[in-house]
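As a plain string of letters, each chain reads:
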Amino acid sequence: MKVLHIPCLDDNYSYMIIDENTKEAAVVDPVEPHKVLRVAEENEVDLKFVLTTHHHWDHAGGNDKIKQLVPGIKIYGGSVDNVRGCTDKVENGDKVSLGADISILSLHTPAHTKGHISYYVTDKEGEDPAVFTGDTLFIAGCGKFFEGTAEQMYQSLCVTLGSLPKPTRVFCGHEYTVKNLQFALTVEPDNPKIAQKLAWAEHQRRVGLPTIPSTIQEEFESNPFMRVDLPELQDKVGCKSPVEALREIRQRKDNWKG
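All of these numbers come straight from a predicted model, not from anything done at the bench.

### Observations concerning the layout of surface pockets
Unfilled space is identified by rolling a water-sized probe across the atoms. Roughly 210 Å³ of volume is contained in the largest pocket. Counting residues per element, the lining of the largest pocket draws most heavily on helix α9 (residues 242-255), which supplies three residues. Partitioning the lining of the largest pocket into residue classes produces four nonpolar, five polar and six charged.

### Digging into the UniProt feature "domain: Metallo-beta-lactamase" (unreviewed entry) in the chain
Mapped onto this numbering, the UniProt entry annotates "domain: Metallo-beta-lactamase" (unreviewed entry) at residues 11-174. What you have in residues 11-174 is 20% helix and 35% strand, and the ends, taken at the C-alpha atoms, are 5 Å apart.

### A short note on the pairing of strand β4 (residues 46-51)
As paired elements, strand β3 (residues 24-28) and β4 share five bridges and run parallel to each other. What sits directly across from Ala25, in β4, is Leu47. Bridge analysis of β4 against strand β5 (residues 74-78) gives three bridges, and the strand direction is parallel. The residue of β5 that forms the bridge with Leu51 is Tyr76.

### What about the pairing of β5?
For β5, a buried count of four out of five residues is recorded, marking the element as mostly surrounded by other parts of the structure. Where β5 meets strand β6 (residues 88-90), three bridges bridge the pair, whose relative direction is parallel. Counterpart to Gly78 in the pairing with β6 is Val90.

### Things to note about helix α5 (residues 177-187)
Here α5 has its buried residues at Thr177, Val178, Asn180, Leu181, Phe183, Ala184 and Val187. Elements that come into contact with the buried residues of α5 comprise β11 (137-138), β12 (141-142), α6 (192-206), α7 (216-222), α8 (231-236) and α9.

### Observations regarding the pattern of salt bridges
Under the defined criterion, the tally for this structure stands at 11 salt bridges. Between Lys35 and Glu32 there is a salt bridge, with the nearest N and O atoms lying 3.2 Å from each other. Taking the relative accessible area as the measure of exposure, Glu32 reaches 24% and is therefore partly exposed. For Arg250, the salt bridge goes to Asp254, with nearest N and O atoms at 2.8 Å. You can see Arg250 and its partner Asp254 sitting in helix α9, four residues apart, about one turn around the helix. We classify Arg250 as buried; its relative accessible area is 5%. One salt-bridge network, held together by shared partners, links Lys197, Glu218 and Glu219.

### Focus on the packing of aromatic side chains
How two aromatic rings sit relative to each other is given by the distance of their centres and the angle of their planes. This model, assessed by the stated rule, comprises seven aromatic pairs. A centroid spacing of 5.2 Å and a plane angle of 70° characterise the contact between Tyr15 and Phe171, whose relative ring orientation is edge-to-face. Of this pair, Tyr15 sits in strand β2 (residues 12-19) while Phe171 is found in strand β13 (residues 169-172), placing the two residues 156 residues apart along the sequence. Each member of the pair Tyr15 and Phe171 is classed as buried. One aromatic cluster is present, formed by Tyr13, Tyr15, Phe132 and Phe171 through successive ring pairs. It is Lys253 that lies over the ring of Phe183; its NZ or CZ is 5.9 Å from the centre.

Basis of the calculations
- Along each chain, residue indices are assigned from 1 in the same order as the chain's sequence is written.
- Restriction of local features to residues with pLDDT of at least 70 applies here, the model being predicted, together with a cutoff of 80 or more for giving and counting side-chain atom pairs; totals for whole chains, interfaces and linings are based on all residues.
- Hydrogens and water molecules were not included; the side-chain quantities draw on all heavy atoms of the structure.
- Within this scheme a cavity is a closed region of a 1 Å grid, computed over the protein atoms alone, that accommodates a 1.4 Å probe without allowing it to escape, whereas a pocket is open but has protein on both sides within 12 Å along at least five of seven lines; lining residues each have an atom within 4 Å of a point.
- Grid points are joined across faces, edges and corners, and a volume is the space filled by probe spheres set on the points.
- Counting from the N terminus, the helices are DSSP H or I runs at least four residues long and the strands are E runs at least two residues long.
- Charged means Asp, Glu, Lys or Arg here, nonpolar means Ala, Val, Leu, Ile, Met, Phe, Trp, Tyr, Cys or Pro, and polar covers whatever is left, Gly included.
- UniProt positions are given in the numbering used here, feature names are shortened, and annotations may be inferred rather than shown by experiment.
- Whether two strands pair comes down to DSSP finding at least two bridges between them.
- Under the scheme applied here, a residue whose accessible area is under 20% of the maximum for its type counts as buried, over 50% as exposed, and between as partly exposed, the area being computed with a 1.4 Å probe on protein chains only.
- Two residues qualify as a contact provided that any one of their heavy atoms is within 4.5 Å of a heavy atom in the partner residue.
- Note on definitions: salt bridges are taken to be side-chain nitrogens of Lys or Arg within 4 Å of carboxyl oxygens of Asp or Glu.
- Only the six-membered ring of Trp is used, alongside the rings of Phe and Tyr, when aromatic pairs are assigned; centres must lie within 6.5 Å, and planes under 30 degrees apart are stacked while those over 60 apart are edge-to-face, with the rest tilted.
- Placement of a positive charge over a ring is assigned whenever Lys NZ or Arg CZ falls within 6 Å of the ring centre and within 35 degrees of the normal to the ring plane.

Encoded structure:
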């Protein structure tokens, strides 16, 4: 299984997932279809379907166009998210296969939007798992609660995504990592993992490289929103429960002028 980054718009990423044995591919959030098709041609792959994480235009806005350009392509999207161009609605637990070896599990991860889906992708051996988290989980951050609550985001981040195997690679929808880590340091100024990752992320961006993927393990070490189960983090933000801490940190992030 191979994953290619396709930078789109200002700071979005689409991703192409390729089954190298069959040369079949799927694409996550192809907001700029012409870029996606160029990558498909360069890699000589047969584009089978689209995985849409949520209905916002910078993720689903290319769906109608890609349907015109690739007749018969399937568009998967969350059953309650009203995804543009959707041909096949998915719910939590639904599985889709790609090529001979790749299995894709739909995980309902609401809060940013009410029908947001993250896609957990594994190959035959279950090695090198990956999860495509759209705007629910960012590297060192999380999405704004546009259509949900802190309770839902806690469930999405710390329970649903947090229960995936620790080495699972995290591919998110935007390149927000540097800003997220700068903010994370305001929450936990004495966390060496955050400082180390920030130095690394700044270097990646200086040389024009992505900061993605991360792993679930790394997120538990440096993402304040995934560390809210820790009593010491709750103390730092003056809260008594994980959900309360998540709400407080999100509020601080919304008001942060970094």
